[in-house]
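Chains, contacts and geometry: an overview
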Amino acid sequence: MIKKTNSIVEVDLSKLKNNLQVLLSNLDADTEVMAVVKADGYGHGAVEVASTLEPEVDAFAVNDLNEGIQLRKQGVAKPILVFEVPEKSTATQYRVHNLTATISAQEHFDWLPNGTSYHLNFDTGMGRMGFRPEEAQRISKIVKDYDNLFCTGIYSHFATADQPGSNFVSEQQKLFEQVIGYFPSELTTHVANTGASAFYSNNSFDMVRLGIGLYGYPPGETSIEGLAPIMQWKTRLVQIKSIVANTPVSYGATWKAPMDGYLGIIPVGYDDGLKRGLSGNVQIQINGSRYPLVGKVTMNYSMVFLGKDQFKPGTRVDLFYSDSDAWDWASKIDTIAYEILTSVNTKIPREYIL
Ligand SMILES: *Cc1c(COP(=O)(O)O)cnc(C)c1O
């Protein structure tokens, strides 16, 4: 993979550990924790995030089988649940790498090789993968028939837990309780994501699956006290030029300088994850002062109006900082912090702060 050198993503691993403690403070002491590190740890680097958290959590979850294999190859030893739907052609890999599969359809029982561990997934309202609750009794019989495999857990996923007070969360919770009634009590039960663990009581289940909160963000509009974003994104001014009032900038010539001053160019564009929809809608920070991004964001460059302030090429620019982070960007373009974080191009080097 060709690395980009135009910007740096800094990931603060001590804040990561602190975010885990913040989320744990809302839970019963005996609740087990599965750290969700899918999508390369929400863009932060799955291996480093998992290695940092391994002493303090009980298990990990990834989306793809290959993400699980990568964690094993890098020495992660705790259980790893793979969310994705198994494929017949790669099903042997679960056993080879000691990964826990997700079974959500009957054929999966046939595909997984002897000795594979798995969790069952039930769809209690998410409307995505999973058996229907009405199938619980039938599936419980199949689980007994396939005693060549190890069923170690059973889970479901909430659709509306990103905000407090959703009735649909309680409905899903009730359905899940009915489902698990058909299965042996030794199975690890889990349904809560970050939102459910922070905003709802889930004491009746064994484990929570924490994702976005670990990375320092709440799942929706409602904040979670004590979390701190762990990703910083930094670049440099590559060029500065004087610009006279009324000079247009970037594609479409839609923005014009309001006065004589300076224009800074940063080597970060939508290919890097600085969404084009943020054109004219974001301020970056240089030496503690804020400057507006102006004109359209281009594929590899964006422009900043510096007013009368003069800087040297190479001056550091903060793209994310205290009150302009992934959450603020997301709210400006009607998306969620998850999408902003996972859009930061993985070719940009990650630097880890301990
Ligand atoms: C992504 C995901 C999670 C984690 O959700 P967060 O809102 O990031 O905490 C948990 N469970 C499943 C099945 C997921 O896909």
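Quick look at the layout of surface pockets now. Of the pockets and cavities examined, the largest pocket occupies roughly 660 Å³. Looking at the lining of the largest pocket, the elements with two or more residues in it are helix H2 (38–42), helix H9 (194–199) and strand S9 (207–210). For the lining of the largest pocket, the class distribution of residues is 15 nonpolar, eight polar and five charged.

Around the ligand, the surrounding shell consists of Val 36, Lys 38, Tyr 42, Phe 83, Arg 128, His 157, Asn 193, Thr 194, Arg 209, Gly 211, Ile 212 and Tyr 338. Between the ligand and His 157 there is a distance of 3.5 Å, counted from a nitrogen atom to a side-chain nitrogen or oxygen. A total of 390 Å² of accessible area belongs to the ligand in isolation, and the protein chains cover 93% of it. A majority-of-atoms criterion places the ligand in the largest pocket. Residues that form the shell around the ligand fall into these classes: five nonpolar, four polar and three charged.

This part covers the side chain of Thr 116. Considering the arrangement of structural elements, one finds Thr 116 in the loop between helix H6 (108–111) and strand S6 (117–121). In terms of polar contacts, Thr 116 uses its side chain to reach the backbone carbonyl oxygen of Pro 113, at 2.6 Å.

Let us look at the sheet that holds S6. Backbone-to-backbone hydrogen bonds pair the strands of a sheet. The strands run either parallel or antiparallel. Across the sheet, which stays open at both edges, the eight strands sit in the order S4-S3-S2-S9-S8-S7-S6-S5 with parallel pairing between neighbours. Taken across any chain shown, the strands that pair with only one partner, and hence form the sheet edges, are strand S4 (80–82) and strand S5 (101–103). The mean angle between the axes of side-by-side strands here comes to 30°, regardless of whether they run parallel or antiparallel. Where strand S3 (residues 59–62) and S4 come together, three bridges link them in parallel fashion. Paired with Val 62 across the strands is Val 82, a residue of S4.

In this section: the environment of Pro 55. Within the fold, Pro 55 resides in the loop between helix H3 (46–53) and S3. Relative accessible area serves as the criterion here: at 65%, Pro 55 is assigned to the exposed category. Counting along the chain gives 285 residues from Pro 55 to Ile 340, while the straight-line C-alpha distance between them is 29 Å.

About the cut-offs
- Residues numbered from 1 in each chain as written.
- Predicted model: local features only at pLDDT ≥ 70, side-chain atom pairs only at ≥ 80, totals over all residues.
- Heavy atoms only, no water.
- 1 Å grid on protein atoms, 1.4 Å probe; cavity = no way out; pocket = protein on both sides within 12 Å on 5 of 7 lines; lining within 4 Å.
- Points joined across faces, edges and corners; volume = space filled by probe spheres on them.
- Helix = DSSP H or I, 4+ residues; strand = E, 2+ residues; numbered from the N terminus.
- Nonpolar A, V, L, I, M, F, W, Y, C, P; charged D, E, K, R; others polar.
- Near = heavy atom within 4 Å.
- Polar contact = N/O pair within 3.5 Å; in protein donor to acceptor, adjacent residues only side chain to side chain.
- Areas by Shrake-Rupley, 256 points an atom, 1.4 Å probe, with all protein chains shown as cover.
- Sits in = over half its atoms within 2 Å of the grid points.
- Pairing = 2+ DSSP bridges.
- Axes fitted to C-alpha atoms, helices over the stretch in contact; angles between N-to-C directions.
- Buried < 20%, exposed > 50% of the residue type's maximum accessible area, 1.4 Å probe, protein only.

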